[in-house]
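# Structure assessment
Residue strings, one per chain:
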Amino acid sequence: MIVCSCTVVTDGHIEEALLEILNQPEAPIPTPGVVFRHLSKKMNCCGCAPLVVSKIYEIMLVLE
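Residues numbered from 1 in each chain as written. Predicted model: local features only at pLDDT ≥ 70, side-chain atom pairs only at ≥ 80, totals over all residues. Heavy atoms only, no water.

### Thoughts on the overall build of the protein
We count it as follows: Only DSSP runs of H or I reaching four residues or more are called helices, and only runs of E reaching two or more are called strands; each is numbered from the N terminus. The globule rule used for comparison is 2.2 Å times the number of residues to the exponent 0.38, while the radius of gyration itself is calculated over C-alpha atoms. A 1.4 Å probe rolled over the protein chains alone gives each residue an accessible area, and that area as a share of the maximum for its type sets the label: buried under 20%, exposed over 50%, partly exposed in between. Shrake-Rupley sampling with a 1.4 Å probe provides the accessible areas, and residues are treated as covered by the protein chains on show and by no other component.
Of the regular secondary structure elements, the protein holds three helices and two strands. Counting from the amino terminus, the protein carries its helices and strands in the arrangement β-β-α-α-α. Here the C-alpha radius of gyration of the protein, 11 Å, is about what a compact globule of 64 residues would show, namely 11 Å. Expressed along its principal axes, the backbone C-alpha trace of the protein runs to roughly 30 × 20 × 15 Å. Looking at the protein as a whole, 28% of its 64 residues are labelled buried. Of the accessible surface of the protein, which amounts to about 4200 Å², a share of 59% is contributed by carbon and sulfur atoms.

### Digging into the nonpolar core
Test applied: Joining through side-chain atoms within 4.5 Å is the link that ties buried Ala, Val, Leu, Ile, Met, Phe, Trp, Tyr and Cys residues into a set, and such a set is a nonpolar core. Throughout, a contact is declared for two residues whenever any of their heavy atoms are within 4.5 Å.
Counting residues in hydrophobic clusters, the biggest one holds 14 residues, and the most contacted among them are Ile-14, Val-35, Phe-36, Val-52 and Ile-56. Listed by contribution, the elements that provide at least two residues to this core are β1 (2-4), α1 (11-22), α2 (32-38) and α3 (49-63). Of all the elements, α1 adds the most residues to this core, at four residues. Setting aside its immediate chain neighbours within four residues, Val-35 contacts Ile-14, Ala-17, Leu-18, Ile-21 and Ile-56.

Here it is in structure tokens:
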């Protein structure tokens, strides 16, 4: 599912980035900005931010 239509980021991209981020030593707190920077993307209008946050939470709950 496309989460950000401005930069064409999908929930799969977010999940993959999140797994890579969390496997780093001293991993940062996974915020939308951290995820987008990891994907080498920039949030343009930020309309997707709430959806990105819920996707991050959803994925984090599954990983616990």
